[in-house]
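# Observations on the three-dimensional arrangement
Listed below, chain by chain, are the residues.
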Amino acid sequence: MIKSVGPISTPVSLAPSETRRESSLVRDTWHALLKSPSGRVGVLLLVIFILLAVFAPILPLQDPLAQDIAGRLMPPSARHWFGTDELGRDILSRVIYGARISLTVGIVAVLISMVLGGIVGLIAGTKGGVFDRVLMRLMDIMMGFPSMLLAIAIVAVRGPGLFNTLLAIGVIRVPIYARLTRSTVLSVRQLEYVTAAQSIGVPSRRIMLRHILPNSISPIIVQGTMGIGTAIVEAAALGFLGLGAQPPEPEWGAMLSSGYIYILRAPWALFAPGAAIFLTVLAFNLLGDALRDAVDPRSRHN
Amino acid sequence: MRPRIHIWAFLVPILVLAGLIACAGTPAQVTQPTQAPASTAAAVEPTQVTATSEPSSSTGENKGGGTFIFARAGDAITLDPSQTKENESETRVVQMFEGLVSVKPGTTELVPGLAKDWQVSEDGKTWTFHLREGVKFHDGTPFNADAVKFNFDRMRLSDNPYHIGEFNVWKNMMGGFPGVMSDVKVIDEYTVEFTLEQAMGPFLAYLAGPAFLLSSPTAIQADPENYFKNPVGTGPYKFVEWVQGDRVVMERFDDYWGEAPAFDRAIIRVIPDSTARFLELKAGTIHAMDDPNPDDIELAKSDSDLQVLLRDYWPVGTINVDHTIKPLDDVRVRWAIAHAIDREGLMPLYNGMAIPGNQAQTPASWAYNPDLAPIEYNPEKAKQLLADAGYPDGFEMDFWYMPVARPYYPKPAEIAQKMAADLAAVGIKVNLKTEDWGAYMNDRAGKFPMWMFGGWASVMDPSWLIYVYYGNKTAQEGNYDNAEVRDLMNKAQYSVDQEERAKLYQQAAKLTYDDMARIPVVFARAGAILANAKVKGFPTSVLRQERIATARFEE
């Protein structure tokens, strides 16, 4: 695979060939993704949610925080498409603004666990030996905790709030990415081009970052896409328990929590945030699923 | 071909997760009206104890016999009055026991009980009680000064052979064993004298509390270990049976000294679920229930077979501030906050169970100061006050709200958000925060600059609430330091003249109002009872200790 000879020219000639290969991988993946029905549905739903979230401030929506205590718990109407909540706020507007919070939490939390887990897995997989054993036992210990309980513990110690929720959800997922990265790295490490690079004296850090990492990244991305859905559900669960976003932030889980005592009187206060959670998580899972098939060369060519 | 399978493979876990979220409910909110399906089965389950199965309807007259059934959410822990320390046990013992002093039903007024009258010495340290004659305990033991001495020695002396148990309320109110009461003397058969170490303003009110009701010495001596489940008092109803977790059955005591009760039997049942209690009330298998769902109160109002008995305003909800933190140390800023809160606007969140408040005592208390004006909702004035204090653009601050529902803040998060919006309107931007209730109770003094809090007196005496607020212990909470208020509180604490004490408390209320020491928000009702429409003469109690003795049916 790697034909270049000579210790000095190796890195220079490798870089462009890597880039080229990646861009074609991305293009192939994208096409494969759009070919599968679940991929199309996932992408469509996500595009809608992302557009709503990004353009929420310029959409003709009511202020998600504006209270109208006289018009509380009103059923859906032309003025309030999804009705109003216990303080008379417009639920449609709150759900759309809530998308900003949930998407941010989902994506950032997954990035945190991906980066931290990736680093741990990469070091453990590449260095092996005592590093591997210590790091992976640490990850095993973290996995031993029920993840939700750990998240609650982290938030309880650091205090409730959106940032701490994000951090907690990011941290509890680290072992998953660490394990995944390590296992991929271990298999990639056996391949000839790594041995070749080692034999020509490429420094180990360079091998780790330029040879092993790019070739191990796709399963991590697939896992990450699905992980966003889980992270959104976990953020909603923390919000429901009163530990996540603090009122008056329109966070979906918190909306469910404040609405559930009115389930008989005003079911719409539960319906909209519940449906929003369901649809975003569904979208990320469909996308992740399709993405996994798309990056897997065996299923792509079949 | 694979994706089709996979969509379901993902849908199912998502649904499971969604279910899990729904189940992960926290008890932080008010009584959940959502448990109906689970509890309906329990409600329909036949019980031996139903009103309709009793041969009750002989007549509709005052003494027509029959059974009265009252349902509460929890069971008693003990039926020994001296061991009671929570409301469920209290509601049972007040039916069967009496104290030297009583509370006039439906009011907060102290009236003679087993003592006809009493005198107190000039220094407030010696109390002489003249006992009612011809009173008998349910087991026939005569009630006299020896019985009184037996009861008080049992409570106060830790080396008394019958001092078995915690005597928690005695310890807290009387200051340990023996605490403030240094001697109990029998003067003659119907006269007893208490000697106190120091004068004690709330002494009489304490004696009227459930923990100081008097038991038959014979019964305690017979089986001290098991007395808590074989209680013997002097009250209008005597003990029959306690099926733990289900009911306490009592029957009319024929030798009762006072007016005989209307019913042959009184039963207090345990029905934990509020929806189930309501369904039984509607079905007629119980005659009254405590702690209904707010929505059920509305339903009961429109049901001609039911009536709503509202307890008076007693709990008080406030916004507390730390007086050492800038800018809350400035009285103008505290008044600005007071004027910024739209109290009327909060009322829809209370379902008619509160009114705007302006001090630490509700109008039901004799220490209430009627001269204090309601706190006006006036955002303009609030802005002006902030500008005068040097904050024309307002300021930003953490505002903590409680994670659990209390009578004074039944929906804390919603109420906090409404208040936050009110404060934002005058330029005070608050960041709402909360933490678990145990931590909240610990942290409130010291960690929080501004927080929601409240409380109610658990005895018929204002000191129970405001001495704690503004007496010696004040430094612990909010760092409000006003020597004049403290002085008034201490004078009132050691005075035994209620009128004088009322004046002292009212003066203190004026001072704390001017200082806006705590920002009063609401006077809340102590709860509500739903009853069958034919129930009459069942006055509510702000301490949630209703007595069945005077209740009767009228068609």
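Residues numbered from 1 in each chain as written. Chains lettered and ligands numbered in written order. Predicted model: local features only at pLDDT ≥ 70, side-chain atom pairs only at ≥ 80, totals over all residues. Heavy atoms only, no water.

Regarding its fold elements, chain A presents twelve helices and zero strands. Along chain A, from the amino end to the carboxyl end, the secondary structure elements read α-α-α-α-α-α-α-α-α-α-α-α. Intrachain contacts of chain A at a sequence separation of at least 6 include 72% that bridge at least 24 residues. (Helix = DSSP H or I, 4+ residues; strand = E, 2+ residues; numbered from the N terminus. Contact = heavy atoms within 4.5 Å.)

Our focus in this paragraph is the sheet that holds strand 6 (residues 181-188) of chain B. Residues and elements named next belong to chain B. Across the sheet, which stays open at both edges, the four strands sit in the order 4-5-7-6 with antiparallel pairing between neighbours. Both edges of this open sheet fall to strand 4 (115-120) and strand 6, since each of them pairs with a single strand only. With direction set aside, neighbouring strand axes in the sheet form an average angle of 20°. Here strand 4 pairs with strand 5 (residues 126-131) via five bridges, running antiparallel. Each residue of the ladder has a partner; that of Asp117, found in strand 5, is His130. Packing of helix 4 (residues 145-156) onto the sheet brings it into contact with strand 5, strand 6 and strand 7 (191-196), and relative to strand 6 it is tilted by some 170°. (Pairing = 2+ DSSP bridges. Axes fitted to C-alpha atoms, helices over the stretch in contact; angles between N-to-C directions.)

Residues and elements named next belong to chain B. In a regular helix each residue adds 1.5 Å, so twelve residues correspond to 16 Å; helix 16 (residues 483-494) covers 17 Å between its end C-alpha atoms and thus fits that length. Every buried residue belonging to helix 16 is among Val485, Leu488, Met489, Asn490, Ala492 and Gln493, and all of these are buried. In this structure Asn482 caps helix 16, since a side-chain oxygen of it lies 3.0 Å from the backbone nitrogen of Glu484. (Expected span 1.5 Å × (residues − 1). Buried < 20%, exposed > 50% of the residue type's maximum accessible area, 1.4 Å probe, protein only. Polar contact = N/O pair within 3.5 Å; in protein donor to acceptor, adjacent residues only side chain to side chain.)

Now for the side chain of Glu251(A). Residue and element names in this part refer to chain A. For Glu251, the position within the fold is in the loop between helix 9 (204-240) and helix 10 (252-259). Arg94 is the oppositely charged side chain nearest to the buried, salt-bridge-free Glu251, at an N-O distance of 9.0 Å. A polar contact is formed between the side chain of Glu251 and the backbone nitrogen of Gly253, at a distance of 3.0 Å. Separated by 3.1 Å, the side chain of Glu251 and the backbone nitrogen of Ala254 make a polar contact. (Lys, Arg positive; Asp, Glu negative; His and termini not counted. Salt bridge = Lys/Arg side-chain N within 4 Å of Asp/Glu carboxyl O.)

Moving on to the pattern of salt bridges. All names here are of chain B. Applying the stated rule across the entire model yields 41 salt bridges over all chains. In this structure, Glu166 and Lys85 form a salt bridge, with 2.8 Å as the shortest nitrogen-oxygen distance. Here Lys85 lies in the loop between strand 1 (67-72) and helix 3 (87-96) and Glu166 lies in the loop between helix 4 and helix 5 (168-174), a separation of 81 residues in the sequence. Across the pair Arg247 and Glu241 runs a salt bridge, and its minimum N-O distance is 4.0 Å. Overall, Glu241 belongs to the partly exposed group, its relative accessible area being 33%.

A word on the confidence of the model for chain A. Chain-level pLDDT for chain A is 86 on average; 90% of the residues reach the 70-or-more range. Between residues 1-18 of chain A, whose pLDDT stays under 50, and residues either more than four places distant or in other chains, the model counts twelve contacts. (pLDDT = per-residue confidence, 0-100.)

Once that is clear, we can look at the environment of Met452(B). All names here are of chain B. Here Met452 lies in strand 17 (residues 450-455). Here the alpha-carbon distance between Met452 and Met402, two residues 50 residues apart in the chain, equals 6.5 Å. Ignoring sequence-local partners within four residues, the contact set of Met452 consists of Thr318, Phe399, Trp400, Tyr401, Met402, Tyr409, Pro412, Ile415, Ala416, Met419 and Tyr440.

This next bit is on the packing of helix 5 (residues 147-158) of chain A against helix 6 (residues 162-172) of chain A. Residue and element names in this part refer to chain A. Orientation of helix 5 relative to helix 6, taken along the N-to-C sense of each, is 145°, at an axis distance of 9 Å. Taken as a pair, helix 5 and helix 6 cross one another with a handedness that is right-handed. Of helix 6, the residues touching helix 5 (which contributes Ser147, Leu150, Ala151, Ile154, Val155 and Arg158) are Phe163, Asn164, Thr165, Leu167, Ala168, Val171 and Ile172. Residue classes in the contact of helix 5 with helix 6 are distributed as nine nonpolar, three polar and one charged. (Left-handed = near helix turned anticlockwise from the far one by under 90°. Nonpolar A, V, L, I, M, F, W, Y, C, P; charged D, E, K, R; others polar.)

So, about the pairing of strand 10 (residues 265-270) of chain B. Residue and element names in this part refer to chain B. Taken across its six residues, strand 10 has five buried, putting it largely inside the fold. Bridging between strand 1 and strand 10 involves six bridges; their strand directions are parallel. Considered in strand 10, the bridge of Thr67 is made with Arg265. Sheet topology places strand 9 (residues 247-252) next to strand 10; five bridges connect them, and they run antiparallel. Among the inter-strand pairings, Val249 is bridged to a residue of strand 10, identified as Ile267.

Before going further, it helps to spend a moment on a nonpolar patch on the surface. A grouping of Val47(A), Ile50(A), Leu51(A), Val54(A), Phe55(A) and Ile58(A) is seen on the molecular surface, where their side chains present a nonpolar patch of about 550 Å² in accessible area. Examined against the element boundaries, Ile58(A) turns out to sit in the loop between helix 2 (37-55) and helix 3 (91-127). (Patch = residues over 30% accessible without salt bridge, like charges linked within 9 Å, V, L, I, M, F, W, Y side chains within 5 Å. Areas by Shrake-Rupley, 256 points an atom, 1.4 Å probe, with all protein chains shown as cover.)

Those residues of helix 9 (residues 294-301) of chain B lying buried are Asp296(B), Ile297(B) and Ala300(B). In a view along the axis of helix 9 of chain B, the buried residues occupy a sector of 110°, so they form one face of it. (Arc of directions from axis to C-beta.)

Let's shift gears to the side chain of Asp153(B). All names here are of chain B. Topologically, Asp153 is positioned in helix 4. Relative accessible area serves as the criterion here: at 11%, Asp153 is assigned to the buried category. If we ignore the near neighbours within four places in the chain, the residues touching Asp153 are Asn160 and Val184.

Let's shift gears to the packing of aromatic side chains. This structure, assessed with the given rule, holds 28 aromatic pairs over all chains. With a centroid separation of 5.2 Å and 45° between ring planes, the pair formed by Trp127(B) and Phe203(B) is classed as tilted. In this pair, Trp127(B) is assigned in strand 5 and Phe203(B) in helix 6 (residues 203-207), connecting sequence segments 76 residues apart. Considered together, Trp127(B) and Phe203(B) belong to a single accessibility category, that of buried residues. Ring geometry for Phe263(B) against Phe553(B): centres 4.7 Å apart, planes inclined by 65°, an arrangement best described as edge-to-face. Of this pair, Phe263(B) sits in the loop between strand 9 and strand 10 while Phe553(B) sits in strand 21 (residues 552-553), and the two are 290 residues apart along the sequence. Accessibility classification places Phe263(B) together with Phe553(B) in one group, the buried group. Positioned above the aromatic ring of Phe131(A) is the side chain of Lys127(A), whose terminal nitrogen or guanidinium carbon lies 5.9 Å from the ring centre. When the ring centre of Phe553(B) is taken as origin, the NZ or CZ atom of Lys534(B), which lies over that ring, is 4.4 Å away. (Phe/Tyr/Trp six-rings, centres within 6.5 Å; stacked < 30°, edge-to-face > 60°. Lys NZ or Arg CZ within 6 Å of the ring centre and 35° of its normal.)

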